[in-house]
Protein chains: 4
Amino acid sequence: MISFESDYITGAHPKVLQRLIDTNLEVQSGYGLDEYCASAAEKIKAACGCPDAQVQFLAGGTQTNAIVISTMLQEFEGVISAETGHIQAHEAGALEYAGHKILTLPQQQGKLKAEDVRTLLKTFYADESHEHMVYPGMVYISHPTEYGALYSKQELKELADVCYDYSIPLFMDGARLAYGLMSHNTDVTLQDITELCDVFYIGGTKAGALCGEAVVFTHKNIPAHWMNRIKKRGALLAKGRLLGAQFDALFTDGLYFEIGKHAVDLAEKLKSILLQKGYKLYMDSYTNQQFPILDKATLERLRREVAVTLWEWLDKDHAVVRMATTWSTTQEDLDKLEALL
Amino acid sequence: MISFESDYITGAHPKVLQRLIDTNLEVQSGYGLDEYCASAAEKIKAACGCPDAQVQFLAGGTQTNAIVISTMLQEFEGVISAETGHIQAHEAGALEYAGHKILTLPQQQGKLKAEDVRTLLKTFYADESHEHMVYPGMVYISHPTEYGALYSKQELKELADVCYDYSIPLFMDGARLAYGLMSHNTDVTLQDITELCDVFYIGGTKAGALCGEAVVFTHKNIPAHWMNRIKKRGALLAKGRLLGAQFDALFTDGLYFEIGKHAVDLAEKLKSILLQKGYKLYMDSYTNQQFPILDKATLERLRREVAVTLWEWLDKDHAVVRMATTWSTTQEDLDKLEALL
Amino acid sequence: MISFESDYITGAHPKVLQRLIDTNLEVQSGYGLDEYCASAAEKIKAACGCPDAQVQFLAGGTQTNAIVISTMLQEFEGVISAETGHIQAHEAGALEYAGHKILTLPQQQGKLKAEDVRTLLKTFYADESHEHMVYPGMVYISHPTEYGALYSKQELKELADVCYDYSIPLFMDGARLAYGLMSHNTDVTLQDITELCDVFYIGGTKAGALCGEAVVFTHKNIPAHWMNRIKKRGALLAKGRLLGAQFDALFTDGLYFEIGKHAVDLAEKLKSILLQKGYKLYMDSYTNQQFPILDKATLERLRREVAVTLWEWLDKDHAVVRMATTWSTTQEDLDKLEALL
Amino acid sequence: MISFESDYITGAHPKVLQRLIDTNLEVQSGYGLDEYCASAAEKIKAACGCPDAQVQFLAGGTQTNAIVISTMLQEFEGVISAETGHIQAHEAGALEYAGHKILTLPQQQGKLKAEDVRTLLKTFYADESHEHMVYPGMVYISHPTEYGALYSKQELKELADVCYDYSIPLFMDGARLAYGLMSHNTDVTLQDITELCDVFYIGGTKAGALCGEAVVFTHKNIPAHWMNRIKKRGALLAKGRLLGAQFDALFTDGLYFEIGKHAVDLAEKLKSILLQKGYKLYMDSYTNQQFPILDKATLERLRREVAVTLWEWLDKDHAVVRMATTWSTTQEDLDKLEALL
């Protein structure tokens, strides 16, 4: 059995795990005040080219989205998102649990258009009854999107411009940022993201860590009493070193980028195999997730030997499946898959 | 200056006010335990043809929607609504404040289609990852809708069938129910609504009361400790008699229906005037709200002498306006308007 | 049957009701944007001697407490209250529903001591682990307290000083403010309260209105987007005129103070009767609530003809009862009671 | 520098870490559906002597408390806790964030008395106005308490009896359960706890894991849709194996108990050293936390070489400090400390 089910099927990248082993016996302060959180934050700031950034670590993606958005929004504000955004579709209502509405817009491959965002904002303020409505207070994007697509630098710039014009922050969900940064088809760097977003996070869970996301506030805009706020939300780990040590490893000698590159390279090979074998792709992805369309019989047969995620049924007989590569995917896995298809 | 701005531009219907005057000096228990709340509940149950119904009074529409929905849903559930539903569009995020997501569907004149609801439910349960999503736990409809449209008895029945099949309640927002019941173009009675909905409310604020909505639970399904729950939400009035006395008047000698008829009759006349004068209607409404399309110049001129609500701009030069009649609208108001147009 | 059960046993003071009658047919804007809300606000600002104050109207006490506190606190803050404070003891957890903790202190007759508040604040900031605790962000007091007691001007000043030193607002729950202001034993005026509190409310429901509380922000410190925030909490009345007109009447020709005086004068007479008849008082109250101690037999006998509130059992055979006067209490009620005792 | 600052100063127990290493490359399902969560649950059920128990894993203590309490309470209920309970004192308002009030009672060494709980419940239901109050819906205890004290089996039984009589669950916070179970002065076993509590958790973070708490529902009383509920609260880890593998190790060959014994044995030695050196103890603890009283000068001197937690100031010159042992504490640490004192 081989697995392309997700990018969280295995444990930590060996170098990440090694850092946990190496530091295990050291006495460190709790609650994220350890040396490794500090060191990881410095390394991330350097990688972002932003010495003034503020970096904080949280355990998982949904937790991070809910915390970043709910601590940065005013209570009368909601967040703009693509209707397929992870916060809207697959977080079990975590944002509404925190009291905030999601204001949805149509999407293309999971991406928002700056023009649509601008229209929403303009229409809101032009509406004579907007005091009865939820204020749009932030823009949420995911990069890569839930469909593996990427914003171009120009697209990000346009979104940042709209946000700037309306004085609301641009927040990027980078749960799979590694795979976006190392895509064969992107002009967006980590520095670009740091410049264009007000806050974003660098996903660890799906890129080689056991758990952990690194939130980067780019304009000294971290909400006051951050530790207290995350404690209130049950997100403060006593042994914060678990997150710090892992990110310290991920940002040593470019490991985070190396992990991204490995998975993206294999995903491109996976795409070639699928195309060669005559499968159609639901969309053209340049990141670590590929979305072939399989007929029902093939799907059933394949699932006996290959774990994949059933994305959605296109019709009664055809389904989109998601196949993901990750740090632990090997050429051997691809060879086996090729033989099976 | 005449006003068709809304159906809450004047105070209470004289008979409602008179009941407040008549009962003012009586000593009554607080918190809705007074004789008038009890009496009004009995009268409403009789009007609904449902002796087992449970009737409770609240002060306003947004409050009622948020309370009914959030006390009937499980915490992991959201509510299905048209994307134009009042709870989604114009309640400032009151439902998200209560921790619940709204699951939106496309609409026609503000109405949901039973088929769309069924598809949403079916798709949800078929989705392998639905444990990561918000459970659809209730269907919210407004009758009349925010656009003045009405469900037919057949349409309601179909919605009720879907809800029954999935064991979720059907909730009707009847903020303007008086105008729906007395429409010239409806086959739906109060008894039908009682039979088909699991819970609904009879709007008072917009139909002759100073404030107040009467919630009707039709299947002994009132949430436990109702008083405590509404107190927790700040909605328990010390002098609950204010609500009870008004509804007692509204449901004496058919006043509620009389108020509805008066406004609907005048709205039909208003529609005739608009059509005769050559105005187009954004949609064909048979309730107390009419939605003519005005060009910018006309709108500006009209607004100097007639209060209306600007609904939305169709394009740069044409706007939809809402004109509402209510218990205090007179033939004289219509005559004046006709002269102005 | 006569009733001293509470100060919300009857409807509105006749002059308040008359204002509703007189203004009933006028066309007014909705949502508190009517002329009467504006006029009432002006009159209240004049009575407070504070032209810069911001005045807003809400429907009831629990609603007002929850809204004022939750909109003025930061999310990481809680509110300091006496352990007998209404928000702590009798509001069904409305403040926790809004996400905030109440930090309780011991009390005397329902009053907080400035010294205790200062100690709590000092201890909090001295605690090395206070980032794991709820920040004290406001002081809540009720005046009169739930036991009918009053702060002296000096005591209020001391509380205001502590609040000033720690830059947190002092909030006074004035649900029964009329009776505090007109007590025979107070040196605190409405102007004093305006000067010393950052926000307070003037209770209407328990002092002659059908419903309504007037919130006074004394330092231009009303939370941004107030209308939106109260809409989100279900507290925005479509016919806000209901609140405006009543307060407009209450603050015309000193009616609010007249109502307070009437009830307090009768309460003093009630106290005299109780003492003459040999009853002990649980505490010495100078406001409209008296708290005699009755033995079980007397209590049972009395309750057949006089409605009172059972406050608490002191022991198996003796109970504290609350007897309240209000605008509609008459000398005749007292005479009847005297005859019964 | 040696550290007795807390029981979360070092990483994972070597055997726990080894399990993470050994399982790192295995492909496992996400979201807690992996083999190790299943295996750990089985082992815990066996250790509890309760094959019907339901076991779930969460990342940290505050998260676990907030989730267990808020998913088991009805919305109109609060939780009874000692005023020193962790949920009340040191969780930044996490429970209020979830909308629930904590109903506090006095404590002794952090313990609740069954009699006090019974009185609270009895008084609540006897109060004629209890519909305006928060329903007591659960009892929360910590074992060991925040002061290192332990309930006797008899005391637990009495608490369980009260809960049974009022049909509310008894919940034990076992963040430091290892040290309670292995105390030299306890008659309470894991099986006893399983029999007497409706739900409790076995703390991992403070007993040898990097993170993780194992929640045990003893009466098939796990809230419906548990995964969805914890996802909504941001607590669902994609790589749930991180928790499962650690608990699988902790419950293999009695490691959890061994860790507890090691720390308790050293804590008893620590106590002996303190007493021999003439220090007074704030209270007599038989678990892994000791609370000596130090004068200011000693405290300052000690802190230069030994990390301890300042618990509270008794007066200007004397402080209570907390000294904790854990799996990584050594005899050498004690020897060094003895030399320093």
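The rules we used
- Residues numbered from 1 in each chain as written.
- Chains lettered and ligands numbered in written order.
- Predicted model: local features only at pLDDT ≥ 70, side-chain atom pairs only at ≥ 80, totals over all residues.
- Heavy atoms only, no water.
- Contact = heavy atoms within 4.5 Å.
- Buried area = accessible area lost by both parts, 1.4 Å probe.
- Salt bridge = Lys/Arg side-chain N within 4 Å of Asp/Glu carboxyl O.
- Polar contact = N/O pair within 3.5 Å; in protein donor to acceptor, adjacent residues only side chain to side chain.
- Helix = DSSP H or I, 4+ residues; strand = E, 2+ residues; numbered from the N terminus.
- Buried < 20%, exposed > 50% of the residue type's maximum accessible area, 1.4 Å probe, protein only.
- Least-squares fit on C-alpha atoms with pLDDT ≥ 70 in both.
- Expected span 1.5 Å × (residues − 1).
- Arc of directions from axis to C-beta.
- Phe/Tyr/Trp six-rings, centres within 6.5 Å; stacked < 30°, edge-to-face > 60°.
- Nonpolar A, V, L, I, M, F, W, Y, C, P; charged D, E, K, R; others polar.
- Core = buried A, V, L, I, M, F, W, Y, C linked by side-chain atoms within 4.5 Å.

A. The arrangement of the interface of chain B and chain C in detail. In this assembly, 45 residues from chain B lie in contact with 45 residues from chain C. Taking both sides of the interface into account, the surface hidden between chain B and chain C amounts to around 3900 Å²; carbon and sulfur atoms contribute 62%. Along the contact surface separating chain B from chain C lie 0 salt bridges. Across the contact surface, chain B and chain C share 22 residue pairs in polar contact (both at pLDDT 80 or more). At the level of secondary structure, the elements contributing two or more residues to the side of chain B that touches chain C comprise helix 1 (14-23), helix 3 (61-72), helix 5 (94-97), helix 10 (226-232) and helix 11 (241-250) of chain B.

B. Main features of the pattern of salt bridges. Throughout the structure, instances matching the rule amount to 60 salt bridges over all chains. A salt bridge links Glu96(A) to Lys101(B); the nearest nitrogen and oxygen atoms lie 2.7 Å apart. Of this pair, Glu96(A) sits in helix 5 (residues 94-97) while Lys101(B) is found in the loop between helix 5 and strand 4 (102-105), placing the two residues in two different chains. Across this residue pair, the class does not change: Glu96(A) and Lys101(B) are buried. Between Asp248(B) and Arg19(B) there is a salt bridge; the shortest N-O distance is 2.6 Å. Linking Asp248(B) in helix 11 with Arg19(B) in helix 1, this pair joins segments that are 229 residues apart in sequence. Here Asp248(B) matches Arg19(B) in class, with each residue buried.

C. Layout of the environment of Asp265(B). Residues and elements named next belong to chain B. Within the secondary structure, Asp265 sits in helix 12 (residues 255-276). A sequence separation of 82 residues divides Asp265 from Ser183, and the C-alpha atoms of the two residues are 8.2 Å apart. A polar contact of 2.7 Å, which involves the side chain of Asp265, links it to the side chain of His184.

D. Spatial organisation of the relation of the copies chain B and chain C. Placing chain B over chain C gives an RMSD of 0.0 Å and needs a rotation angle of 180°, together with 0.0 Å of translation along the axis. Interpreted geometrically, this transformation is the action of a two-fold axis. Interface residue correspondence from chain B to chain C reaches 100%, placing this contact among same-surface, isologous pairings.

E. Inspection of helix 7 (residues 153-165) of chain D at higher detail. Residues and elements named next belong to chain D. Between its first and last C-alpha atoms helix 7 spans 18 Å; for 13 residues at 1.5 Å apiece the expected length is 18 Å, and the two agree. Along helix 7, the residues classified as buried are Leu156, Leu159, Ala160, Val162 and Cys163. All buried residues of helix 7 lie within an arc of 160° about the axis, which places them on one face of the element. Turning to helix 7, the residues buried within the fold contact helix 6 (114-126), strand 5 (135-142), strand 6 (170-173) and helix 9 (190-196). Following helix 7 by one or two positions, Ser167 adopts a phi angle in the positive range, close to 55°.

F. Structural detail: the packing of aromatic side chains. In the structure shown here, the tally under the stated rule is 68 aromatic pairs over all chains. Each ring, one from Phe124(A) and one from Tyr135(A), has its centre 4.9 Å from the other, and the planes form 65°; the classification is edge-to-face. In this pair, Phe124(A) is assigned in helix 6 (residues 114-126) and Tyr135(A) in strand 5 (residues 135-142), connecting sequence segments 11 residues apart. Relative accessible area serves as the criterion here: at 4%, Phe124(A) is assigned to the buried category. Overall, the relative accessible area of 4% leaves Tyr135(A) in the buried class. Between Tyr256(B) and Phe257(B) the ring centres are 6.1 Å apart and the planes differ by 85°, which places this aromatic pair in the edge-to-face class.

G. How the structure looks around the relation of the copies chain D and chain A. For the pair chain D and chain A, the best superposition has an RMSD of 0.0 Å and corresponds to a rotation of 180° with a translation of 0.0 Å parallel to the axis. Looking at the interface residues of chain D, 100% of them are also at the interface in chain A, so both copies use one shared face.

H. Structural context of unusual backbone geometry. The linkage connecting His143(B) with the following residue, Pro144(B), adopts the cis geometry, with an omega of -5°. Within the element layout of this structure, Pro144(B) appears in the loop between strand 5 (135-142) and helix 7 (153-165). A positive phi angle is found at His225(A), which is not glycine, with a value near 55°. With respect to the helices and strands, His225(A) occurs in the loop between strand 8 (213-217) and helix 10 (226-232).

I. Molecular detail of the interface of chain D and chain A. Taken together, the contacts link 45 residues of chain D with 45 residues of chain A. Carbon and sulfur atoms make up 63% of the area that chain D and chain A hide from each other, which totals about 3900 Å². Run the count over chain D and chain A and you get 22 residue pairs in polar contact (both at pLDDT 80 or more). Among the elements of the structure, helix 1 (14-23), helix 3 (61-72), helix 5 (94-97), helix 10 (226-232) and helix 11 (241-250) of chain D are those that each provide at least two residues to the side of chain D that touches chain A. Partitioning the side of chain D that touches chain A into residue classes produces 21 nonpolar, 16 polar and 8 charged.

J. Main features of the nonpolar core. One finds Ile44(A), Phe200(A), Ile202(A), Ile44(D), Phe200(D) and Ile202(D) to be the most contacted residues of the largest nonpolar core, which totals 135 residues. Ranked by residue count, the leading element in this core is helix 2 (residues 35-48) of chain A, at 7 residues. Residue contacts for Phe200(D): discarding those within four places in its chain leaves Cys48(D), Phe171(D), Met172(D), Leu177(D), Leu190(D), Ile193(D), Thr194(D), Ala214(D), Val215(D), Val216(D) and Thr218(D). By size, the runner-up hydrophobic cluster in this structure holds 134 residues, among which are Val117(B), Ala178(B), Ala245(B) and Leu170(C).

The values reported here are purely geometric and, on their own, carry no functional implication.
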